[in-house]
Amino acid sequence: MGRADERRARQQAARRAGRRGGKGGKRGIRRLFTWKKILGAVLGTAVVAIGAFLFLYLSVPVPAANADAQRQSNVYRYSDGTVLARTGAVNREIVGLDQVPRGVQHTFVALENKTFYQDSGVDFKGTARALLSTVTGHGKQGGSTITQQYVKNYYLNQDQTATRKLKELVISLKVDRNKSKGDILAGYMNTSYYGRNAYGIQAAAQAYYGVDASRLTVDQGAYLAALLQAPSQYDWAVATPTGKKLVTQRWADVLKNMVSMHWLSEQDRAAMKFPVPIEPRPQAGLGGQTGYLVDAADRELENRLEAQGASASDAQARVAAGGWTITLNVDRKKEAQLEKAVKAQLTSKLESKERPRDADAQAGAVSVDPGTGRVLALYGGKDYTTHATSNATREDYQPASTFKPVIFATALEKRARTQDGEPIGASTLYDGTSGRPVKGSSIAFAPTNEDHTDYGRITVQKAMDDSVNSVFAQMGVDVGMTDVLKTGGKLGMDMKNQQPYPSQTLGTMGASPFQMAGVYATFDNHGRLVTPAVLKSAKDQGRSIALPDPIGGQVLTRNTADSVTSVLTGVVDQGTGSIVRTKNFQVAGKTGTSDDDVSAWFTGFTPDLVTSVGLFGEAAGAESVEGKKYPQYGHVPLTGTGGLVAQGGRVNGGGYPAQIWGAYMSGADTVHGAAGRFDLDTDQGAAVAPSPTLSPPTSPSTSPSTSPSPTHSVSPPPSPSSSSPAPPTSSTPGDGQSPPSSQEPPGGDTSPPIPPFSPPAQPGGADNDAGRDNGFFSP
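Note that this is a predicted model, so its numbers are computed, not measured. (Residues numbered from 1 in each chain as written. Predicted model: local features only at pLDDT ≥ 70, side-chain atom pairs only at ≥ 80, totals over all residues. Heavy atoms only, no water.)

## Comments concerning the overall build of the protein
Here is the rule we go by: Counting from the N terminus, the helices are DSSP H or I runs at least four residues long and the strands are E runs at least two residues long. For every residue, the accessible area (1.4 Å probe, protein chains only) is compared with the maximum for its type, and the residue is labelled buried under 20%, exposed over 50%, or partly exposed between those bounds. Only the protein chains shown count as covering a residue, and every accessible area follows the Shrake-Rupley method with a 1.4 Å probe.
When helices and strands are counted, the protein shows 24 helices and 14 strands. A buried classification covers 53% of the 779 residues belonging to the protein. Accessible surface computed for the protein: about 33,900 Å², of which carbon and sulfur atoms make up 53%.

So this is what it looks like as structure tokens:
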């Protein structure tokens, strides 16, 4: 074999060896990656993943709701449902799905999660995409179902982490198994943020359309659903042209999807136009009267919770926690009218810069329906944000002569007699001499009348008309002050720790317009107890709290209550309250001025409305001190308020308080009973004509009749006999308090000594209005 042949043989052998070596390499790779091994690896990975997911599913519980998702505002409403205020850090009011129209519910599903009613609560592809985006640092990624978004809002937080997303997935599966789709959808709508500081569908409906969620239309719901992607960008009031274009397109997509899902007809869709939201409104604050109304509602609700077994601290904490929908009995129109009346008759006349004393005047008033007990209007002061103590409910000022009807009611109820053994009634004669010592008391007491006027022997009716202190001081002793205080307590006054001293006949205990409105409402309601009620309803996240009936049992006989009402008509017809006299309907009432001119009152009523007005002298800036309900300091005279100069500038109940009452009642928009007449079961007092069988005025009247008699036209009471001197024409009947001639012994009455003082009536009182109607009521 030649060399060429050998070379050729070697090359062929090498080629053959190379081919053998290549086949062996391929077979090695195939042995390493066979289809069986690949399938086993995939299955193994799946088993590990499933095991890990099962471990995660079993180890991740459904947590309690986070605190932010449960926070709500308290929502306060007037009696007509109009929102009065919202309080709390979070503007949210949770509502049930039944309070959201079905079409509005569908708008959220159509845009966010069309398979919501069929899916298992999660979108695995979307979640995987979101996880990958988070792990790779590409930020937020959508794709979550309504259930997942609800879980994020309600159970978790807004953190964009892989851990949170995995928890969201697991919890969503569990929630979908344990909760109905309706509950999940309601939770989603109630926990979502819509912009304008509105959390939840109810707050959003109010913020963007000024209505409750129950009144939303489908087109409005579509806009709220579209908002959720970017509330600040899509709020029509502040959106850029691009933002408006984007949200309009999303709104259209919602409706398009609803048509495709057969939730909306093409005809209805074609008729819809974009519902432009209202302009943003500032959240209702607590300024003006709002804070006083909210405070009164909170206090009443807290008292109710305490009555149901809660401690005082627990009751306060429960109300403060939020979630309440509180509807007040307050009538929005009457509330505005009462505020207007105070401004017109008092606050507009105050010039504190020119007259520093004007800064000390504080007015309070409460108006009550005597048939239902509902508080229809409440005036707590000029502005809650500058004077948080409510003048409507404070109890640190004396009710003064407005307490005298309580004394008379006790006399009638007890069938009491004078020191001479004569039954006490409207025509019973008493000695009205100023400064006369009372008889039958172990404690010396000799109050003077206003302006030290001597009335001689006068009837009880005349004494009530002109608020004669000496008569009622004696009557209180005749009746027994212990019983008088008991009657006050039965009528709703706070008589705890009050001692039965003769000075109490001058109304030296504390009281509020709220309490006095209840006392007089009980007279007006024929003796059935009226406890003024601010609350109409209170719901804690949909659960109603049972409220007591403001109308209680019979605490006075009808004859007693009606006789008091009858006598009080005389105060208006010919006495210290004549400024509010009108031909249109009957009015009963009583003026009052406390000692040293620090408070003035008028509490009056028609057959259908009772209103108590108080004016208080409080040193500017004096407020309550924590731990003391209403401290007994800061009381100053009202003298000169509003620039008054006549008769020393002293303020009486027949002045500003009666003027406020008259201005309010002239526009209070109420029906004043049948033809404006009281339906009275009595035969005594100024509201009924004297009976032909009654003795002449020189003889005491008989005890109150228990048989009903028809209501007669207004007629003055019998005049005193000719032997009884009439009061001097130069003096003015008043209602101020005067000092006793001697003080009670140490350890007796703890109220401060009554200094020498007798404020006269101010312009606009009885003397200045005699024989004519005032300008409050139309003729």
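Resuming the write-up.
## A short note on the pairing of strand β1 (residues 74-77)
On a regular strand, each side chain points to the face opposite its neighbour's, so the side chains alternate between the two faces of the sheet. Worth spelling out the cut-off: Strands are treated as partners if at least two bridges between them are detected by DSSP.
Going residue by residue along β1, you find N74 and Y76 tucked away on one face and V75 and R77 tucked away on the opposite face as well. Sheet topology places β1 next to strand β2 (residues 83-87); four bridges connect them, and they run antiparallel. Bridge pairing in β2 links Y76 to A85. What sits between β1 and β2 in their antiparallel hairpin is a turn of five residues, with G81 showing a positive phi close to 95°. As judged from the three bridges shared by β1 and strand β3 (residues 324-328), these two strands associate in the parallel manner. Considered in β3, the bridge of V75 is made with T325.

## Here we look at the packing of aromatic side chains
Heads up, the condition is: Classification of ring pairs rests on two measures: the distance between centres of Phe, Tyr or Trp rings, Trp counted by its six-membered ring, which must be within 6.5 Å, and the angle between planes, read as stacked under 30 degrees, edge-to-face over 60 and tilted in between.
If you walk through the whole model with that rule in mind, you get 20 aromatic pairs. Summarising the aromatic geometry, the rings of F116 and Y117 are spaced 5.1 Å apart at their centres and angled 70° between planes, so their arrangement reads as edge-to-face. Take Y117: its relative accessible area is 34%, and that puts it in the partly exposed class. Ring plane angle 80° and centroid distance 5.4 Å describe the contact between W251 and F274, whose orientation is recorded as edge-to-face.

## Quick word on unusual backbone geometry
Positive phi, close to 60°, is recorded for N197, a residue that is not glycine. Counting through the fold element by element, N197 comes out in the loop between α8 (181-191) and α9 (201-209). Even without glycine at this site, R415 takes up a positive phi of about 55°. In this structure, R415 sits in the loop between α17 (404-414) and β6 (429-431). R415 sits in the partly exposed class, given a relative accessible area of 46%.

## Considerations on the nonpolar core
Counted only if it meets this: The term nonpolar core refers to a set of buried residues drawn from Ala, Val, Leu, Ile, Met, Phe, Trp, Tyr and Cys, joined through side-chain atoms within 4.5 Å. Two residues qualify as a contact provided that any one of their heavy atoms is within 4.5 Å of a heavy atom in the partner residue.
Membership of the largest hydrophobic core comes to 81 residues, with the highest contact counts inside it found for L328, L378, F403, F408, F472, M475 and F523. Beyond its immediate chain neighbours, meaning those up to four positions away, L328 contacts Y76, R77, Y78, S79, L84, L293, A297, V534 and K536. Counting 49 residues, the second largest nonpolar core, distinct from the first, contains A110, I146, Y150 and V254.

## Concerning α17
Side chains that are three or four residues apart share a direction in an α-helix, a result of its 3.6 residues per turn. For α17, a buried count of nine out of 11 residues is recorded, marking the element as mostly surrounded by other parts of the structure. Within α17 the residues assigned to the buried category are K404, P405, V406, I407, F408, A409, T410, A411 and L412. Where α17 is buried, its residues meet α18 (460-466), α19 (469-479), α20 (481-490), α21 (513-524), α22 (558-574) and β12 (588-593). Just beyond α17, the residue with positive phi is R415, at close to 55°.

## Side note on the sheet that holds strand β5 (residues 375-379)
Going by this rule: To get an axis, a line is fitted to the C-alpha atoms, and for a helix only the part in contact is used. The angle between two axes follows their N-to-C directions and goes from 0 to 180 degrees.
The strand order β5-β4-β14-β13-β12 describes an open sheet built from five strands, whose pairing is antiparallel. At either margin of the open sheet sits one strand with a lone partner, and together these are β5 and β12. Neighbouring strand axes in the sheet, compared pairwise and without regard to direction, differ in orientation by 5° on average. Across eight bridges, strand β4 (residues 361-368) lies against strand β14 (residues 610-617) in antiparallel orientation. Paired with A365 across the strands is V613, a residue of β14. Docked against the sheet, helix α16 (residues 332-345) engages β4 and β5, running at close to 30° with respect to β5.

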